[in-house]
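Given next are the chains, with one letter for each unit.
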Amino acid sequence: MWGDRTILRSQLVSLCWTWVLLSVCQGRRAADDKPNIILIMADDLGIGDLGCYGNNTIRTPNIDRLASEGVKLKQHIAAASLCTPSRSAFLTGRYAIRSGMASETDHRVLRVLSVPGGLPVKETTFAALAKKQGYSTALIGKWHQGLNSRYRGDHTHHPHKYGFDYYYGMPYTLFEPCWPDPSRDAELAISHKVWICVQLIAITALTLAVGKLSRRICISWFVILFLVLLIVMLGYFWLSSYTSRLYWDCILMREEDITEQPMKAERAGSIMVKEVVSFIERHRDVPFLLFYSFLHVHVPLPTMDTFIGISQHGLYGDNVEEMDFFVGKLLSAIDNFGLRNNTLIYFTSDHGGHLEARLGHAQLGGWNGIYKGGKGMGGWEGGIRVPGLLRWPGVLPAGYETEELTSLMDILPTIAAATGGDVPQDRVIDGRNLLPLLQGSVQHSEHEFLFHYCGSFLHAARWDPKDSQAVWKVHYVTPVFQPPGAIGCFETQYCQCSGELVTYHDPPLLFDLSRDPSESTPLTGDTEPLYDLVIRTVADALEKHKKTITPVEQQLGDLNEERLWLRPCCGVFPFCMCDKEGDAPTPQA
């Protein structure tokens, strides 16, 4: 009898362990079925700067490897031709005008870090969708979607508020004052000494005040008041001496703490790739989504000494090749950690290259290949046609190319599908899931029309009919290039969206990109039998699109004006200089 009970107990224990093991295995299998996702975005990279898109003078073997081992999108379109609105659309899968991130003024990006505007927190990003599916999420690199809104350190627009568990990077964007900065190290040392002096004076003033009030020290209130006034004057003069945006916008953050103010820009790339590899290593046993948002290749092109002079295209080419080296570091980490076959990697640029970025006769901006225009031009193809590469071994075919119409906004619904989630149902999502197209289960893109904004002004639209090889592009507004005969807006540095420096076309310009990808010769009713039909069809689609736009608070209007009290500070304002990174080791090429 006792033996039977022992046997029964053993069988029950065995059944319990079997159930536990099956549950663990099933949970592990469910996790394994979810791919890791790495999104890589370059900044201001021209589509013509990559070997896989036809460049044979700049070496980009690691990025080209993604093309040969995955899918290359040949009509991949950014939703805007400048950083802030393009990235807003990329993050949310929606035109920037829907979230208030499209400007009605000349300031089409967040002007400085200390403005209250930013991506509204009610917007849902692809990181938030992945997080709901159990993913660990991170953003490493450029943000440029705002930071504070009411007071310094409230972090209303910090990446943490949009589904990113971990953040390291530059909350603003690179611009000319960020590099080179030969006085940075000396100013850090001076700042530290001045702050020590201020603390000593403050302690002295407080001690004297307490002694005076307790009648233990006989001293004039004038002396105490003088010390307090001295502290105020030191702070004021210190603040007023730092008028350059270098000190307030060129910063790096880890999580919610400032690690460098101002940043040492030439080493930022090497630190970021270390952060990328570290994040992958820490999360290699769980599904993760990593947004690797490069500072490359935005001016002023900070580049490590080991890469300066290695390319045929000056500092810009050096910076592109350095970026490719960092992509190689990421790919090696994926291989070394055994994650290659279960990782979806996507590479793109936020918009086209900056034609007007020059120093004398040296070109500091990218090359947009055969396409007309560049950064800042809402309608011309060179400003919005960007690289699009996706690799997912065993799921996406290697070496496949498609001319079908795709958009940066497609990444959100694609991630939702890949992670087993759903896109938000309470708002318009303009992107479409790319997986059926890339896997070959459908032959045509779900996009029939795309609309091209310059700020909040619609400049152009395209129609990609499913029963035709034509890709129609209709321009309603185009920028006036300066000086006359130029290929860009060299007198204003950026082309305008409205006013005297644009041309309004009535009737609109029409091009067939399948025959004229450079948009060199407009079609007319005399040269194109379908002219009237195309113009009418696109106009009807545009009217339907406009009806879906709901007025929202504009983030790049009054909210895009600087507030002094929102300036970030790693110490006690205004003594804000710091370097918590020290001498980060430099990767070797």
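Residues numbered from 1 in each chain as written. Predicted model: local features only at pLDDT ≥ 70, side-chain atom pairs only at ≥ 80, totals over all residues. Heavy atoms only, no water.

Glancing now at the overall build of the chain. Helix and strand counts for the chain come out as 14 helices and 17 strands. Looking at the chain as a whole, 57% of its 589 residues qualify as buried. Of all intrachain contacts in the chain linking residues separated by at least 6 positions in sequence, the fraction that spans at least 24 positions is 74%. Surface exposure of the chain reaches about 25,300 Å², of which carbon and sulfur atoms provide 58%. (Helix = DSSP H or I, 4+ residues; strand = E, 2+ residues; numbered from the N terminus. Buried < 20%, exposed > 50% of the residue type's maximum accessible area, 1.4 Å probe, protein only. Contact = heavy atoms within 4.5 Å. Areas by Shrake-Rupley, 256 points an atom, 1.4 Å probe, with all protein chains shown as cover.)

To continue, consider the sheet that holds strand β16 (residues 502-512). If you walk across this open sheet you meet the 4 strands as β13-β14-β15-β16, and the pairing is antiparallel. Two strands in the sheet have a free side with no partner beyond their single neighbour: β13 (449-454) and β16. For this sheet, the mean angle separating the axes of adjacent strands, direction not counted, is 20 degrees. In terms of strand pairing, strand β15 (residues 472-479) meets β16 through 7 bridges, oriented antiparallel. Its bridge partner lying in β16, Lys473 is registered against Phe511. (Pairing = 2+ DSSP bridges. Axes fitted to C-alpha atoms, helices over the stretch in contact; angles between N-to-C directions.)

Our next topic: a nonpolar patch on the surface. Taken together, the side chains of Val228, Leu229, Val232 and Met233 present a nonpolar region at the surface, about 340 Å² in accessible area. With respect to the helices, strands and loops of the structure, Leu229 is situated in helix α7 (residues 221-241). Owing to a relative accessible area of 48%, Leu229 belongs among the partly exposed residues under this scheme. (Patch = residues over 30% accessible without salt bridge, like charges linked within 9 Å, V, L, I, M, F, W, Y side chains within 5 Å. Salt bridge = Lys/Arg side-chain N within 4 Å of Asp/Glu carboxyl O.)

Tallying each qualifying case throughout the model produces 33 salt bridges. For Arg98, the salt bridge goes to Asp430, with nearest N and O atoms at 2.8 Å. With Arg98 in helix α4 (residues 96-99) and Asp430 in the loop between α12 (411-419) and α13 (435-439), the pair connects residues that are 332 residues apart, well separated along the chain. Asp430 matches Arg98 in its accessibility class, with the two residues each being buried. One salt bridge in this structure joins Glu381 and Arg385, with 2.8 Å as the shortest N-O distance. Here the two residues Glu381 and Arg385 agree in accessibility, since each one is buried.

Taking burial as the measure, the 9 residues of α12 include 8 buried ones, the bulk of the element. Buried within α12 we find Ile411, Leu412, Pro413, Thr414, Ile415, Ala416, Ala418 and Thr419. Of the residues one or two after α12, Gly420 is the one with positive phi, at around 85 degrees.

With that out of the way, let us pick up the state of the cysteines. Summed over the entire model, instances satisfying the criterion amount to 5 disulfides. Between the sulfur atoms of Cys178 and its disulfide partner Cys250 the distance amounts to 2.0 Å. Sign of the S-S torsion, about -80 degrees for the bond between Cys178 and Cys250, identifies this disulfide as left-handed. Separated by 72 residues along the polypeptide, Cys178 in the loop between β4 (166-170) and α6 (184-213) and Cys250 in the loop between α8 (246-249) and β5 (252-254) bring together distant segments of the chain. Of the two residues, Cys178 and Cys250, both sit in the buried class. Residue Cys454 pairs covalently with Cys497 via a disulfide, S to S 2.0 Å. On the sign convention where negative means left-handed, the S-S torsion of about -70 degrees between Cys454 and Cys497 marks this disulfide as left-handed. (Disulfide = S-S within 2.5 Å.)

Moving on to the confidence of the model for the chain. Residues with a pLDDT of 70 or more make up 90% of the chain, whose mean pLDDT is 90. In this model, residues 584-589 is a region of pLDDT below 50 whose contacts with residues beyond four sequence positions or in other chains number 15 contacts. (pLDDT = per-residue confidence, 0-100.)

So, on to the sheet that holds β5. Taken in spatial order, the 11 strands make up an open sheet running β12-β2-β11-β8-β1-β7-β3-β4-β5-β6-β17, and their pairing is mixed. For this open sheet the edge positions go to β12 (400-407) and β17 (578-579), each flanked by a neighbour on one side alone. Examined bridge by bridge, strand β8 (residues 343-349) and strand β11 (residues 388-391) share 4 bridges and lie antiparallel to one another. Bridge pairing links Thr348 to Gly388 in β11. Along the sheet, α12 makes contact with β1 (36-42), β7 (288-293), β8 and β12, crossing β1 at roughly 165 degrees.

Right, let's get into the side chain of Thr173. With respect to the helices and strands, Thr173 occurs in the loop between β4 and α6. Side chain to side chain, Thr173 and Lys142 meet in a polar contact 2.8 Å long. With residues near it in sequence (within four places) discarded, Thr173 still touches Asp43, Lys142, His144, Cys178 and His298. (Polar contact = N/O pair within 3.5 Å; in protein donor to acceptor, adjacent residues only side chain to side chain.)

In this structure, Pro180 follows Trp179 across a cis peptide bond, with omega equal to -10 degrees. Summarising the element assignment, Pro180 is placed in the loop between β4 and α6. Residue Pro483 is bonded to the preceding Gln482 through a cis peptide linkage, with omega at -5 degrees. Within the secondary structure, Pro483 is located in the loop between β15 and β16. Positive phi values are uncommon outside glycine, yet Asp44 reaches one of about 70 degrees. Among the secondary structure elements, Asp44 is positioned in the loop between β1 and α2 (61-68).

What follows deals with the packing of α2 against helix α10 (residues 314-336). Orientation of α2 relative to α10, taken along the N-to-C sense of each, is 55 degrees, at an axis distance of 7 Å. Taken together, the axes of α2 and α10 lie oblique to each other. Taken together, the residues of α10 that come into contact with α2 (itself represented by Pro61, Asn62, Ile63, Arg65 and Leu66) are Met323, Asp324, Phe325, Val327, Gly328, Leu331 and Asp335. Looking at the contact of α2 with α10, its residues break down into 7 nonpolar, 2 polar and 3 charged. (Parallel < 35°, antiparallel > 145°, perpendicular 65-115°, else oblique. Nonpolar A, V, L, I, M, F, W, Y, C, P; charged D, E, K, R; others polar.)

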